[in-house]
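# Chain and residue survey
Listed below are the residues making up each chain.
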Amino acid sequence: MPNVIRTAQLPQPQTGDLYRAQLSASEGRSGTWSLSGGTLPIGLNLAADGVISGTPTAHCVWCVITVQFDDAVNGTTYSSTLP
């Protein structure tokens, strides 16, 4: 299976600071992102376009999450666990 999800690690969010990170897939891929495991820090959300954003309201030693990418190009679902 090809490595479609390119994001390998996310920046550590800081309590009270505005946060924004973009998940990425291999070039030319379009699809929908979702959280399939773990929990984002309180105050952060994952949008379908792969943007994690918000302002964390509680400290989190980065929560390990699993993201899912539903590839619109070939109808395949990929997942990756991120620190």
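Calculation criteria
Residues numbered from 1 in each chain as written. Predicted model: local features only at pLDDT ≥ 70, side-chain atom pairs only at ≥ 80, totals over all residues. Heavy atoms only, no water. Helix = DSSP H or I, 4+ residues; strand = E, 2+ residues; numbered from the N terminus. Buried < 20%, exposed > 50% of the residue type's maximum accessible area, 1.4 Å probe, protein only. Contact = heavy atoms within 4.5 Å. Core = buried A, V, L, I, M, F, W, Y, C linked by side-chain atoms within 4.5 Å. Salt bridge = Lys/Arg side-chain N within 4 Å of Asp/Glu carboxyl O.

Further remarks concern the overall build of the protein chain. Regarding its fold elements, the protein chain presents zero helices and six strands. Along the three orthogonal principal directions, the C-alpha set of the protein chain runs to about 40 × 20 × 15 Å. Burial status across the protein chain gives 36% buried among its 83 residues. Across the protein chain, every contact between residues at least 6 apart in sequence was considered, and the portion connecting residues at least 24 apart equals 54%.

This part covers the nonpolar core. L10, L23, W33, I52, I65, V67 and F69 are the most contacted members of the largest nonpolar core, which has 16 residues in total. Elements that contribute at least two residues to this core include exactly β1 (19-22), β5 (65-71) and β6 (77-82). Counting residues per element, this core draws most heavily on β5, which supplies three residues. I52 has contacts with L10, Y19, R20, A21, L23, L40, L44, N45, L46 and I65, leaving out every residue within four places of it along the chain.

Our next topic: the pattern of salt bridges. Overall, the coordinates contain one salt bridge when judged by the stated rule. Here R29 and D71 are joined by a salt bridge, their closest N and O atoms 2.4 Å apart. Here R29 is found in the loop between β1 and β2 (31-38), whereas its partner D71 is found in strand β5, with 42 residues between them in sequence. The class of R29 is partly exposed, set by a relative accessible area of 27%. Taking relative accessible area as the criterion, D71 reaches 3% and is therefore assigned buried.

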